[in-house]
Amino acid sequence: MVIDRLNAYAEAGADCLYAPGIKTKDQISAVVRAVHPKPVNLLIGSSGLSVAEAADLGVRRISVGGSLARAAWGGFMRASREIAEKGTFTELGNGYPGGELNKMFS
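Residues numbered from 1 in each chain as written. Predicted model: local features only at pLDDT ≥ 70, side-chain atom pairs only at ≥ 80, totals over all residues. Heavy atoms only, no water.

Honestly, the overall build of the protein chain in this entry has me stumped. Any pointers?
Helix and strand content of the protein chain: 5 helices and 3 strands. Along the protein chain, helices (α) and strands (β) appear in the sequence α-β-α-β-α-β-α-α when read from the amino end. Whereas a compact globule of 106 residues would reach a radius of gyration of roughly 13 Å, the protein chain reaches 19 Å, over 25% beyond that. Each principal axis of the C-alpha distribution contributes one length, and for the protein chain these read about 55 × 35 × 25 Å. Buried positions account for 22% of the 106 residues belonging to the protein chain. Looking at the protein chain as shown, the accessible area adds up to about 7,500 Å², and 58% of this sits on carbon and sulfur atoms. Here the protein chain holds 12 positive side-chain charges and 10 negative ones, and the gap between their average locations is 2 Å. (Helix = DSSP H or I, 4+ residues; strand = E, 2+ residues; numbered from the N terminus. Rg over C-alpha atoms; globule rule 2.2 N^0.38 Å. Buried < 20%, exposed > 50% of the residue type's maximum accessible area, 1.4 Å probe, protein only. Areas by Shrake-Rupley, 256 points an atom, 1.4 Å probe, with all protein chains shown as cover. Lys, Arg positive; Asp, Glu negative; His and termini not counted. Charge placed at Lys NZ, Arg CZ, Asp CG, Glu CD.)

Below is the structure:
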């Protein structure tokens, strides 16, 4: 069981507990309550849960895992498919502005 495993990690000295796969508000709040006062790290994707909602459930840290990379690859694949299938480049207009990227990385 997830909670038993997290409690074992806490007893072994873990500072923050991480249970990938919990998604619903009920699951998240049950885990947070069960391991309190240890902080819980939530792996989140496109669940629809906001940062504020996760915090209200007691989550103290959020990770996005590979979700940002998959979102970037989604844009890459949409643009590539458009070029290959239609011979057009309109999807490239949805990219983040180059000037803003240069500011971030300068």
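Hey, could you run me through the pairing of strand E2 (residues 40-43) in this one?
Regular strands place side chains that alternate from one sheet face to the opposite one. Two strands pair when backbone bridges link them, and strand E1 (residues 17-18) and E2 are joined in this way by 2 bridges, in the parallel orientation. Paired with Tyr18 across the two strands is Asn41, which belongs to E2. Note on the crossover from E1 through helix H2 (residues 25-35) to E2: the handedness is right-handed. For the crossover from E2 across helix H3 (residues 51-56) to strand E3 (residues 61-63), the handedness is right-handed. (Pairing = 2+ DSSP bridges. Right-handed = clockwise from strand over helix to strand, strands pointing away.)

What is the right way to read the packing of helix H1 (residues 2-11) against H2 from this model?
Any two packed helices are characterised by the angle at which their axes cross and by the distance between the axes. Packing of H1 against H2 leaves a shortest axis separation of 10 Å and a crossing angle of 35 degrees. Taken as a pair, H1 and H2 cross one another with a handedness that is right-handed. Residues Val2, Ile3, Leu6 and Asn7 of H1 touch H2, and the partners they reach there are Ala30, Val31, Ala34 and Val35. Residues belonging to the contact of H1 with H2 are distributed by class as follows: 7 nonpolar, 1 polar and no charged. (Axes fitted to C-alpha atoms, helices over the stretch in contact; angles between N-to-C directions. Left-handed = near helix turned anticlockwise from the far one by under 90°. Contact = heavy atoms within 4.5 Å. Nonpolar A, V, L, I, M, F, W, Y, C, P; charged D, E, K, R; others polar.)

Got a minute to help me understand the side chain of Asn41 in this structure?
Among the secondary structure elements, Asn41 is positioned in strand E2. At a separation of 3.1 Å, a polar atom in the side chain of Asn41 contacts the side chain of Ser63. Leave out the neighbours within four places in its chain, and Asn41 touches Cys16, Leu17, Tyr18, Ala19, Arg61, Ile62 and Ser63. (Polar contact = N/O pair within 3.5 Å; in protein donor to acceptor, adjacent residues only side chain to side chain.)

Before we go on, may I ask you to explain the sheet that holds E2 in this structure?
Strands belonging to one sheet form pairs held by backbone hydrogen bonds; the direction of such a pair is parallel or antiparallel. An order of E1-E2-E3 is seen for the 3 strands of this open sheet, with the pairing classed as parallel. Because the sheet does not close on itself, it has two edges, and the strands there are E1 and E3.

Looking at this structure, how should I read the environment of Ala34?
Within the element layout of this structure, Ala34 appears in helix H2. Every residue in contact with Ala34, bar those within four places of it in the chain, is listed here: Ile3 and Asn7.

Please clarify how the pattern of salt bridges should be interpreted in this entry.
It is possible for side chains bearing opposite charge to pair when their charged atoms get close. Taken as a whole and judged by the stated rule, the model has 4 salt bridges. A salt bridge links Arg81 to Glu85; its shortest N-O distance comes to 4.0 Å. Pair noted here: Arg81 and Glu85 are both in helix H4 (residues 67-86), with a separation of 4 residues, about one helical turn. Given the relative accessible area of 45%, Arg81 is considered partly exposed. (Salt bridge = Lys/Arg side-chain N within 4 Å of Asp/Glu carboxyl O.)

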